[in-house]
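Here are the chains, one letter per residue:
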Amino acid sequence: MNSFIPPERLRAADFPFSWSLWREQCWEQCPRSCFFHYYAARGGHDPDAPERQRKLHLLKQLLFAEEYLLRLLTSELLRGDPETWQNRTLRRFAREWSAMLTGRYLVDHRQPVIFELYYKRGTPLQLFLRLEEALKTALPRLSATPELRLWGARPRIQQIREPDPVAITLAGVTLFAPPLFGWRAAGQARLRQLVRHRPDATGAAKLLLLHKYYALQQLRLPPERVSSTLLTLTGETIQLDPRELNLSLAIEQIQESIQQMQSCVAPDGTIGELDFPDRPEHCPKCAFRSACSSAARLNRRLST
Ligand code: SF4
């Protein structure tokens, strides 16, 4: 389609849609933040992109401290030898922290940066001590769990390692399953996932559904041959009970969520910032608050 669209609007078809729990969470917190994250920021990794797009892309990279820890722990666990996991993770944290302090993320958007540091929630020293303490507590606790010991002891050929989100399809839509690990043997798969905290019943059902579809599409294993366990950063082990999975309800909930997210596309197939409802109550905890006109209006109202 070559028809003219005003510069402040984007063509939705230029942004292939995919669903993930992360995107759903973003939508629930504030639909407008989804617009910034999934549409307006795209392409902003390029140093030659327009200034606003660059800024939105930088803000899109911000991670809350706990989310940063989860990604760091998962990435190091699944990319290397479980035996050296603890030391490698601490070394990488030290490297990334020092890069954050020198502001390397400003020019290289692949470098992680923490929301609390960027928006000055406490001093850098306080934040560093908090993260270091959390890591030094989580690493030995997780390493001592039977889940990790059993996985690490498996021959590499039996191990499952998915350090990046995995694409699966459901009714023609791409869904992204979170990073996973585990092992397969004797026609069975045991899937494991690190999570920040225990999910509620709806979240657990969606995770279970993603695990089952992953096993079906990537491992060619039927759902009854797959077991799923979550490990929280405190070392708590949560067995996802397949008897609690109402598959058709979980699919319906995901499809509803997809429809809602796509409801902001105008009849002419375009999207713009104001088409996405704002949720000012969430602004204080939003990465985009330094670029969003709603947050600026809220600040002006509060200061008068
Ligand atoms: S700053 Fe507020 S209104 Fe703007 S995207 Fe974030 S939460 Fe939504």
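Use the structure listed above.
Anyway, here's the lowdown on the structure attached to this text. Worth saying up front: this structure is predicted, and the values here are computed from it rather than measured. Starting afresh in each chain, residues are numbered from 1 along the sequence in its written order. Since the coordinates come from a predicted model, pLDDT governs what is reported: local features require at least 70, and pairs of side-chain atoms require 80 or more to be given and counted, while whole-chain, interface and lining totals use all residues.

So, about the overall build of the protein chain. Helix and strand counts for the protein chain come out as 11 helices and 12 strands. Taking 2.2 N^0.38 as the reference for a compact globule, 304 residues should give roughly 19 Å; the C-alpha atoms of the protein chain span a radius of gyration of 21 Å, in line with that estimate. Its C-alpha atoms give the protein chain principal-axis dimensions of about 60 × 50 × 35 Å. Residues with at least 20 neighbouring C-beta atoms inside 10 Å of their own are called buried, those with 12 or fewer are called exposed, and the rest are partly exposed, where every C-beta is derived from the backbone. Burial status across the protein chain gives 29% buried among its 304 residues. Whether two residues are in contact depends on their C-beta atoms, placed from the backbone: they are in contact if these lie within 7 Å. Contacts in the protein chain between residues at least 24 apart in sequence constitute 64% of all its contacts with a sequence separation of at least 6. Counting from the N terminus, the helices are the DSSP runs of H or I reaching at least four residues and the strands are the DSSP runs of E reaching at least two. Only the C-alpha atoms count toward the radius of gyration. The rule for a globule is 2.2 Å times the residue count to the power 0.38.

Right, let's get into the sheet that holds strand 7 (residues 173–177). Two strands are said to pair when DSSP picks up at least two bridges between them. Across the sheet, which stays open at both edges, the three strands sit in the order 2-7-6 with mixed pairing between neighbours. With one partner strand each, in any of the chains shown, strand 2 (18–20) and strand 6 (166–170) form the two edges of the open sheet. Direction aside, neighbouring strands of the sheet carry axes that sit 35° apart on average. Across five bridges, the pairing between strand 6 and strand 7 is antiparallel. If you follow Leu170 over to strand 7, its bridge partner there is Val173. Orientation is described by axes fitted as lines to C-alpha atoms, over the contacting stretch for helices, and by angles from 0 to 180 degrees between their N-to-C directions. Packing of helix 10 (residues 247–262) onto the sheet brings it into contact with strand 2, strand 6 and strand 7, and relative to strand 2 it is tilted by some 125°.

Nearness here has a simple definition: the residue's C-beta atom, placed using the backbone, must lie within 6 Å of the molecule or strand. Lining the immediate environment of the ligand, one finds 14 residues, of which Cys30, Asp278, Cys283, Cys286 and Cys292 sit closest. Sorting the residues of the shell around the ligand by element identifies helix 2 (31–40) and helix 11 (293–303) as the ones contributing at least two each. Just so you know the grouping, Ala, Val, Leu, Ile, Met, Phe, Trp, Tyr, Cys and Pro go in nonpolar, Asp, Glu, Lys and Arg go in charged, and all remaining residues, Gly too, go in polar. The residue makeup of the shell around the ligand, split by class, is seven nonpolar, three polar and four charged.

Our next topic: the packing of helix 4 (residues 65–79) against helix 7 (residues 124–143). Two elements in contact, helix 4 and helix 7, have axes separated by 11 Å at closest approach and are oriented at 40°. Viewed along their axes, helix 4 and helix 7 adopt a mutual orientation that is oblique. Here helix 4 and helix 7 pass one another in a crossing that is right-handed. When helix 4 is examined against helix 7, the residues Ala65, Leu69 and Leu73 are found in contact with a partner set consisting of Leu127, Arg130, Leu131, Ala134, Leu135 and Ala138. Looking at the contact of helix 4 with helix 7, its residues break down into eight nonpolar, no polar and one charged. For this classification, under 35 degrees means roughly parallel, over 145 means roughly antiparallel, 65 to 115 means roughly perpendicular, and everything else is oblique. Should the near helix be turned anticlockwise from the far one by less than a right angle, the crossing is left-handed, and should it be turned clockwise, the crossing is right-handed.

Another aspect to go through is unusual backbone geometry. The phi dihedral of Lys120 falls on the positive side, at around 50°, and the residue is not glycine. Counting through the fold element by element, Lys120 comes out in the loop between helix 6 (115–118) and helix 7. In this model, Ala171 sits at a positive phi of 50°, which is unusual for a non-glycine residue.

A word on the sheet that holds strand 11 (residues 237–240). Hydrogen bonds between backbone atoms are what pair the strands of a sheet, whose relative direction is either parallel or antiparallel. One open sheet holds the five strands; their spatial order is 5-8-9-10-11, and the pairing between them is mixed. Of all the strands in the sheet, the pair left with one neighbour each is strand 5 (159–162) and strand 11. Neighbour-to-neighbour, the strand axes of the sheet open up by a mean angle of 20°, direction not taken into account. Along the sheet, helix 4 makes contact with strand 5, strand 8 (180–185) and strand 9 (188–195), crossing strand 9 at roughly 145°. Here helix 9 (residues 201–219) sits on the sheet in contact with strand 8, strand 9, strand 10 (226–232) and strand 11, set at roughly 130° to strand 10.

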